[in-house]
Amino acid sequence: MKRSAALFLTFLKIGAFTFGGGYAMIALLENEFVEKKKWIEKDEFLDMVVVAESTPGPLAINSATYIGYKLEGIVGSALATLAVSIPSFIIIFCISLFLDQFLDLKYVFYAFKGIQVCVVYLILSAGIKMLGGLEKNLFNTVILLTVIAAMLFCSLFVVSFSSVFCILISGAVGVSVYLLKKIGEKNKK
Amino acid sequence: MIYLKLFLTFLMIGSLSFGGGYGMISLVRETVISNGWLTEDEFLNFIAVSESTPGPLAVNIATFVGSSQGGILGSLFATLGVILPSFVIILLIAAVLKNFMKYNGVNAFLMGVRPCIVAMILATAVSMALSALLGISSVTDSIVPDIRSAVLFAVLWILHFAYKKAKCSAPPPILMILLSGVLGAVIFRFEI
């Protein structure tokens, strides 16, 4: 089979069967491309994971674009990205047509009232888990507490302040702290 | 025009959603609620659907919101919008900026963004909990506790810790969703 066709089918499969988010997918990708097909070296794969995690956008799309490009150039990256998105797109589009009718059923409506509580639990536990992975230092603590306070304030007092600004300001603070440190080191010398 | 608006909105979400699926929840929630595309309840329902189906949350939610606002074309535009920034950024890094991750400026920016994303997820979860369990969405609301939701929330956390103790990992989301669906159908059936 031609490599680009295999690339497309592999990502189609990954798009259709990865439940549980990005990290479950990384393991699958490694198994397919590094161990089974040996198309990518282990080191290169690890570099890819770092890039995919640090850039915006879903991990699945990021790694599909990257692996596709490495194997078959720009056509490969377009094929892999398309393949990984198609299953989600079809499944969710079909669900969107029927979800409202489905929710009109009384027991389904009650079930979803329970599930809404579960989603709050899922988001909170994801946040707590990420909090555990964050390095404990003054910088992180200050940003963390400031952003939490600002967002809760805006939400409770109905001030419209997009979290886009939180992301950009925090990034700018990161860069400023880095520059200040650098200037400080130069002055010492 | 709704197609252009969907495309641009999801383009913005795609370019700024650091930190994987949950990292984009705050941005998506703000956007879809302030545009009147989904209510808070509909948003929560959809997150559950997305967690129970394969594929990235970003693509799922773009397809869903696009479809509800503009049919199949709407969902195509929204999905294209959310994918495009990833595609372009990764191509640039893979092809041109091979040492992208080695620039100090990039790492300094990410150092600032990382705690911010965690904070956004936690703040979003807390304001969702306040609204779902206590009926408070702004300071002017009086507290109307929803006892059944609060009990269910407590049960889920007890199970979470019990499972973690037994298996050393958090319970799979789909299991917790199914369980709360069943419990929900039982406890919300009866008026108190």
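Above this text is the structure in question.
On a predicted model such as this, the values are computed, not experimentally measured, just so you know. (Residues numbered from 1 in each chain as written. Chains lettered and ligands numbered in written order. Predicted model: local features only at pLDDT ≥ 70, side-chain atom pairs only at ≥ 80, totals over all residues. Heavy atoms only, no water.)

**Examining the overall build of chain A**
Phase 1 of the analysis: Scanning chain A for helices and strands turns up seven helices and zero strands.
Phase 2 of the analysis: Counted from the first residue to the last, chain A has its helices and strands arranged as α-α-α-α-α-α-α.
Phase 3 of the analysis: Since a compact globule built from 189 residues should have a radius of gyration of about 16 Å, the 22 Å found for chain A marks it as more spread out than a globular shape.
Phase 4 of the analysis: Considered along the principal axes of its C-alpha atoms, chain A spans approximately 60 × 55 × 25 Å. (Helix = DSSP H or I, 4+ residues; strand = E, 2+ residues; numbered from the N terminus. Rg over C-alpha atoms; globule rule 2.2 N^0.38 Å.)

**Some details on the packing of helix 7 (residues 147-167) of chain B against helix 8 (residues 173-187) of chain B**
For any two helices packed against each other, the geometry comes down to the angle between their axes and how far apart the axes lie.
All names here are of chain B.
Phase 1 of the analysis: Contact pair helix 7 / helix 8: the axes reach a minimum separation of 11 Å and the direction vectors enclose 150 degrees. As helix 7 runs across helix 8, the sense of the crossing is right-handed. Residues Arg-148, Leu-152, Val-155, Leu-156, Leu-159, His-160 and Tyr-163 of helix 7 touch helix 8, and the partners they reach there are Leu-175, Met-176, Leu-179, Ser-180, Leu-183 and Ile-187.
Phase 2 of the analysis: Among the residues forming the contact of helix 7 with helix 8, the class breakdown is ten nonpolar, two polar and one charged. (Axes fitted to C-alpha atoms, helices over the stretch in contact; angles between N-to-C directions. Left-handed = near helix turned anticlockwise from the far one by under 90°. Contact = heavy atoms within 4.5 Å. Nonpolar A, V, L, I, M, F, W, Y, C, P; charged D, E, K, R; others polar.)

**Some remarks on the packing of aromatic side chains**
Ring pairs (aromatic) are described by centroid distance and by the angle formed between their planes.
Phase 1 of the analysis: For the structure on display, the rule yields twelve aromatic pairs over all chains.
Phase 2 of the analysis: With a centroid separation of 6.1 Å and 45 degrees between ring planes, the pair formed by Phe33(A) and Trp39(A) is classed as tilted.
Phase 3 of the analysis: When the centroid spacing of 4.7 Å and the interplanar angle of 25 degrees are considered together, the rings of Phe153(A) and Phe157(A) count as stacked.
Phase 4 of the analysis: Put simply, the rings of Tyr121(A), Phe153(B), Trp157(B) and Phe161(B) pair up and form one aromatic cluster. (Phe/Tyr/Trp six-rings, centres within 6.5 Å; stacked < 30°, edge-to-face > 60°.)

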